[in-house]
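Here is how the chains run, residue by residue.
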Amino acid sequence: NPFMLHKPRLLTPGPTPLPERVRFVMAQDMIHHRKPAFKAVMAGLKDGMAELFGTTQPVLPLCASGTGAMVAAVNNLFAPGEKVLVIEGGKFGERWTDICNNGGVIPVQLKVEWGKVVDPLDIEAALDADKDIRGVLVQYSETSTGVQHPVRAIGRVTSSRQALLVVDGISAVSISPCPMDAWGVDCLLTGSQKGLMLPPGLALIALSEKAWQKAEKVPSRDFYFNLLKERESNLKGQTSFTSPVSLLVGLGESLRMFAETGLENLYRKQWAMTMMARASVEAMGLELFAGDNFAWGLTSVLLPSGMDSVQLLAFASERYGVVMAAGQDAYKNRMVRRGHMGWVDSGDAAVSIHALAGSYPAGGGPGRRGPCLERGQAA
Ligand SMILES: *Cc1c(COP(=O)(O)O)cnc(C)c1O
């Protein structure tokens, strides 16, 4: 994009663009994490985080990318040798399995075809068939496929059983509603670089009362991610180790923006952006990878075989300044993942549609000027 014909637009499912207001507050000088000024920052986050997570329990910040909170969840809630049911319908579901194996927790995999959604009845059957299963680990939004798993319905299954419902909400929190107390979610976690409009490096995690009771019985084996210790520090307006101060100051500004907008309106915007993305993909005659259960923060587009999404995306970046993501694993060169989460509006969405259509021939697609333009000519 050497001639500045287009603004650079980061339209990936994380990281996402930063609002100017957030960048400004993050540029402030450092404050000390054990002094009153920092406690004031922490106190200012409390209500906004509680509303976002929909919980009366404390939302604990961790200095880590989102995966750190996934590790914290597994290692604090389950003892080595305990079994958990992992919903494996994509790259991030597989990550749950890897984390369990690494920590000695036994993953029982419930495999779901990529692009498909888990059936809560299958979860119910699995829990009833094996009473030793202590948890259900799932992604709310499976970012590798663009699918949204039915967390609310899964919560109805786990609420009446001993198993804890652990939800990776990294690409869902502040993008689509996930009120953890109302839905019976026992652990909800997220990362800063997606819907929260922040740089990477901060994770947030909250546990239900049922989950805290379980955590108290699990022998602590993680020196850094010890959630019982973090809960104690949180009561003092601190974190156990040096806090990611700038990110937390930035979070304060993001939460203020959410409060000014209203969460309802924020979710409405996300829904509208998702509708816009899906309609444009269908109008181009391209295939939506996620069916009716789609995430609200990204739209995954399957290209016809013979096309190469990596080449298409390189062109979109260079010619239009629009950075979107390719697929993962087997779909790396077959899929475009258009992010529309965080500080992104309908103008950005329109430009990304333009860039997708205009870059179509560069990806090896038929048509000189992209599918929708060719169709228009034919008509
Ligand atoms: C982005 C993402 C992650 C990975 O988070 P990191 O911040 O890279 O550790 C995990 N799960 C989901 C669903 C994600 O979208």
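All figures in this text were calculated on a predicted structure; none of them were measured in a lab. (Residues numbered from 1 in each chain as written. Predicted model: local features only at pLDDT ≥ 70, side-chain atom pairs only at ≥ 80, totals over all residues. Heavy atoms only, no water.)

**Student:** Looking at this structure, I do not really get the overall build of the chain. What am I missing?
**Tutor:** Scanning the chain from terminus to terminus reveals 14 helices and 15 strands. Computed over its C-alpha atoms, the radius of gyration of the chain comes to 21 Å, within 12% of the 21 Å expected for a compact globule of 379 residues. Its C-alpha atoms put the chain at 65 × 55 × 35 Å along the principal axes. When burial is assessed residue by residue, the chain has 57% of its 379 residues classed as buried. For the chain, contacts bridging at least 24 residues in sequence account for 71% of all contacts bridging at least 6. Summing over all exposed atoms, the chain offers an accessible surface of approximately 15800 Å²; the carbon and sulfur share of this is 55%. Looking at charge distribution, the chain has the averaged site of its 38 positive side-chain charges lying 3 Å from that of its 36 negative ones. (Helix = DSSP H or I, 4+ residues; strand = E, 2+ residues; numbered from the N terminus. Rg over C-alpha atoms; globule rule 2.2 N^0.38 Å. Buried < 20%, exposed > 50% of the residue type's maximum accessible area, 1.4 Å probe, protein only. Contact = heavy atoms within 4.5 Å. Areas by Shrake-Rupley, 256 points an atom, 1.4 Å probe, with all protein chains shown as cover. Lys, Arg positive; Asp, Glu negative; His and termini not counted. Charge placed at Lys NZ, Arg CZ, Asp CG, Glu CD.)

**Student:** When you look at helix 13 (residues 346-358) in this model, what are you seeing that I'm missing?
**Tutor:** Every α-helical turn comprises 3.6 residues, leaving residues that sit three or four positions apart pointing alike. The end-to-end C-alpha distance of helix 13, which contains 13 residues, comes to 18 Å, matching closely the 18 Å that a straight helix rising 1.5 Å per residue would cover. Looking at helix 13, one finds that the buried residues are Asp348, Ala349, Val351, Ser352, Ile353, Ala355, Leu356 and Ala357. Capping the start of helix 13 is the job of one residue whose side-chain oxygen sits 3.0 Å from the backbone nitrogen of Gly347: Asp345. (Expected span 1.5 Å × (residues − 1). Polar contact = N/O pair within 3.5 Å; in protein donor to acceptor, adjacent residues only side chain to side chain.)

**Student:** Please clarify how helix 12 (residues 309-320) should be interpreted in this entry.
**Tutor:** For helix 12, built from twelve residues, the straight-helix expectation of 16 Å at 1.5 Å per residue is met to within 8% by its first-to-last C-alpha distance of 15 Å. Every buried residue of helix 12 is listed here: Ser309, Leu312, Leu313, Ala316 and Tyr320. Projected down its long axis, helix 12 shows its buried positions confined to an angular sector of 95°, all on one face. In this structure, the buried side of helix 12 is in contact with strand 13 (322-323), strand 14 (325-326), strand 15 (335-339) and helix 13. (Arc of directions from axis to C-beta.)

**Student:** What should I look at first to understand the site of the ligand in this one?
**Tutor:** Close to the ligand lie 14 residues; Ser65, Thr67, Thr143, Asp168 and Lys194 are nearest. Between an oxygen atom of the ligand and a side-chain N or O atom of Ser65, the distance comes to 2.6 Å. The fraction of the free accessible surface of the ligand (390 Å²) that becomes covered by protein chains is 89%. Those elements giving two or more residues to the shell around the ligand turn out to be helix 3 (66-77) and helix 4 (91-103). Here the shell around the ligand takes three residues from helix 3, the largest share from any one element. For the shell around the ligand, the residue count by class is three nonpolar, eight polar and three charged. (Near = heavy atom within 4 Å. Nonpolar A, V, L, I, M, F, W, Y, C, P; charged D, E, K, R; others polar.)

**Student:** Sorry, what's going on with the sheet that holds strand 12 (residues 298-302) here?
**Tutor:** Pairing between sheet strands relies on hydrogen bonds along the backbone, with the strands arranged either parallel or antiparallel. Spatially, the four strands line up as an open sheet ordered 11-12-15-14, and their pairing is antiparallel. This sheet does not close on itself; its edge strands, each paired only once, are strand 11 (287-288) and strand 14. Two elements, strand 14 and strand 15, share two bridges in a ladder whose sense is antiparallel. Each residue of the ladder has a partner; that of Ala325, found in strand 15, is Arg337. Across the face of the sheet, helix 11 (residues 263-283) comes into contact with strand 11, strand 12 and strand 15 while running at roughly 10° to strand 12. (Pairing = 2+ DSSP bridges. Axes fitted to C-alpha atoms, helices over the stretch in contact; angles between N-to-C directions.)

**Student:** Quick question: what am I supposed to make of the side chain of Thr299 here?
**Tutor:** As for its placement among the helices and strands, Thr299 is situated in strand 12. We classify Thr299 as buried; its relative accessible area is 2%. Aside from chain neighbours lying at most four places away, what touches Thr299 is Thr274, Ala277, Arg278, Val281, Leu288, Val336, Arg337, Arg338 and His340.

**Student:** Can you walk me through the pairing of strand 12 in this structure?
**Tutor:** Along any regular strand, the residues point their side chains to alternate faces of the sheet. Taking burial as the measure, the five residues of strand 12 include five buried ones, the bulk of the element. Two elements, strand 11 and strand 12, share two bridges in a ladder whose sense is antiparallel. Looking at strand 12, one finds that Leu288 is bridged to Val301. Pairing analysis gives five bridges linking strand 12 to strand 15, with the strands arranged antiparallel. If you follow Ser300 over to strand 15, its bridge partner there is Arg337.

**Student:** Is there a simple way to explain the nonpolar core in this structure?
**Tutor:** Buried together is how nonpolar side chains tend to be arranged in soluble globular proteins. One finds Leu52, Phe53, Ile87, Ile123, Val151, Val185 and Leu251 to be the most contacted residues of the largest nonpolar core, which totals 59 residues. Broken down by element, the residue count for this core peaks at eight residues, all from helix 10 (residues 245-261). Look past the residues within four positions of Phe53 in its chain and what remains in contact with it is Val59, Val173, Cys178, Pro179, Met180, Leu188, Leu189, Thr190, Leu204, Ile205 and Ala206. In this structure, Leu60, Val86, Ile170 and Leu207 belong to the second largest nonpolar core, which totals 30 residues. (Core = buried A, V, L, I, M, F, W, Y, C linked by side-chain atoms within 4.5 Å.)

**Student:** Would you explain the packing of aromatic side chains in this entry?
**Tutor:** Given two aromatic rings, one states the distance between the centres and the angle between the planes to describe the pair. Going through the model one piece at a time under the given rule, you end up with nine aromatic pairs. Arranged with centres 6.1 Å apart and planes meeting at 85°, the rings of Tyr140 and Trp183 form a pair that is edge-to-face. Of this pair, Tyr140 sits in the loop between strand 5 (133-139) and strand 6 (141-142) while Trp183 is found in helix 7 (residues 180-183), placing the two residues 43 residues apart along the sequence. For the pair Tyr140 and Trp183, one class covers both residues: buried. Considering the side-chain rings of Tyr224 and Phe241, the 5.1 Å spacing of their centres and the 20° angle between planes classify their relative orientation as stacked. Within this pair, whereas Tyr224 is found in the loop between helix 8 (209-217) and helix 9 (227-235), its partner Phe241 is found in the loop between helix 9 and helix 10, the two being separated by 17 residues in sequence. (Phe/Tyr/Trp six-rings, centres within 6.5 Å; stacked < 30°, edge-to-face > 60°.)

**Student:** What am I meant to see in the side chain of Asn75 here?
**Tutor:** Within the secondary structure, Asn75 sits in helix 3. Reaching out from Asn75, the side chain makes a polar contact with the side chain of Asp222 at a distance of 3.3 Å.

Without other data, these values stay purely geometric and don't point to any function.
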